[in-house]
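Summary of structural features
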Amino acid sequence: MKKISVLTVVFMMLASTVYALSYSVEYEDGPAAYNAAEVVDYMVDGSEMAGMKVTATYLVGTEVATWEATIDDAGHAVGSYVDPIFGITWREFELSLDGDSFSMNWELENSGTVASYLTSLKIEALPGNVVFDVDGEHREDPPSTPGSMYGLEFALTGAIDGYDGEVTATYSDQVALNGTVYGDLYGTLTLGFDPGLFGVLSPWSSFSQGITFKADTDIVVPVPEPGTLLLLGLGVLGLLGYAKKRK
């Protein structure tokens, strides 16, 4: 039988404590914030979510970035800061996804400028016609929006550079399908960090903490606004009138 030293046991206990992953998931339900006409894609790659708005909140100040496609199936949002003295552009944070959101991990890294704590990250998916799709088990029947297939609730999957704080994932801005809220689609996912993700980036040193996580997304088509439908109807009537005149 292999013997394990007391020192080894202590080291293993400390390691498991340092790298323990702790998170919770919350929901802010209410009237639908968005009405979709159709779920058009439930296997969404990082490159298909262009337009989402990502806001990083630090102990001092915020950084806002827009999600963009990069290469192949990947996409990311990068928050940057321009040093007013030296004119250098620093990367403050990066949120990225390489592959589809159901099976691949999102990766968030906080670099910061000089030294900063990232306290929360808000991902507003609706500007990109994207929604977050949870599994529906936390809601009453029916469990999912028609066309959305299986969803996936937020799950913390890893820590970068030993981050061992508490992560709170909050879903908000419920999404309806043709006026009906099924309870599994949300427009916004906000991640809160306690303590914040630490990052330092300067000409002398660099260090970035972060996390990896799962969060499934779908692509939807919005229901046209009444004004849009009216303009479309007037356009059709105009074409019909023009055609009648020519006869």
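Notes on the structure in this doc start here. Within any chain, residue numbers begin from 1 and follow the written order of that chain's sequence. Two thresholds apply to this predicted model, a pLDDT of at least 70 for residue-level local features and 80 or more for giving and counting side-chain atom pairs, whereas whole-chain, interface and lining totals are computed over all residues. Heavy atoms throughout the structure, all of them, feed into the side-chain values; hydrogens and water do not.

A few words now on the nonpolar core. Buried Ala, Val, Leu, Ile, Met, Phe, Trp, Tyr and Cys residues form a nonpolar core when they are joined through side-chain atoms within 4.5 Å. Exposed residues in this analysis have more than 50% of their type's maximum accessible area, buried residues have under 20%, and partly exposed residues fall in between, with area computed by a 1.4 Å probe over protein chains only. Grouped together as the largest cluster of nonpolar side chains are 36 residues, with contacts concentrated most on Leu95, Trp106, Leu108, Leu121, Phe154, Phe193 and Ile211. Only DSSP runs of H or I covering at least 4 residues are called helices, and only runs of E covering at least 2 are called strands; the numbering of each starts at the N terminus. Breaking this core down by element, the ones donating at least two residues are β3 (53-58), β7 (89-98), β8 (106-110), β9 (116-124), β10 (130-133), β12 (166-177), β13 (180-201) and β14 (206-214). Sequence-distant contacts of Leu121, that is, excluding residues within four places in its chain, are made with Val54, Thr55, Ala56, Phe93, Leu95, Leu108, Leu189, Thr190, Leu191 and Phe193. If you look at the next biggest cluster of nonpolar residues, it comprises 9 residues, including Tyr34, Val39, Leu126 and Val175. Only heavy atoms enter the contact rule, under which two residues are in contact if any of them lie within 4.5 Å.

Glancing now at the pattern of salt bridges. A carboxyl oxygen of Asp or Glu within 4 Å of a side-chain nitrogen of Lys or Arg is what we treat as a salt bridge. Across all of its chains, the model carries 2 salt bridges by this definition. A salt bridge links Glu124 to Lys53; the shortest N-O distance between them is 3.9 Å. Pair noted here: Glu124 is in strand β9 and Lys53 is in strand β3, with a separation of 71 residues, a long-range link. Classification of Lys53 as partly exposed rests on a relative accessible area of 36%.

Here the term patch refers to residues with relative accessible area over 30% and no salt bridge, with like charges joined within 9 Å and nonpolar side chains (Val, Leu, Ile, Met, Phe, Trp, Tyr) within 5 Å. Computed with the Shrake-Rupley method and a 1.4 Å probe, the accessible areas treat only the protein chains shown as cover for residues. Taken together, the side chains of Tyr42, Met43, Phe102, Met149 and Tyr150 define a hydrophobic patch exposed on the protein surface, amounting to about 540 Å² of accessible area. One can find Met43 in the loop between β2 (34-41) and β3.

This part is about a negative patch on the surface. The sign given to each residue is positive for Lys and Arg and negative for Asp and Glu; His and the chain ends receive no count. Charge coordinates come from a single atom per side chain, which is NZ of Lys, CZ of Arg, CG of Asp or CD of Glu. A cluster of acidic side chains, namely Glu48, Asp72, Asp73 and Asp98, defines a negative patch on the protein surface. Within the secondary structure layout, Asp73 lies in the loop between β5 (68-69) and β6 (74-82). Under the relative-accessibility criterion, Asp73 is labelled partly exposed at 38%.

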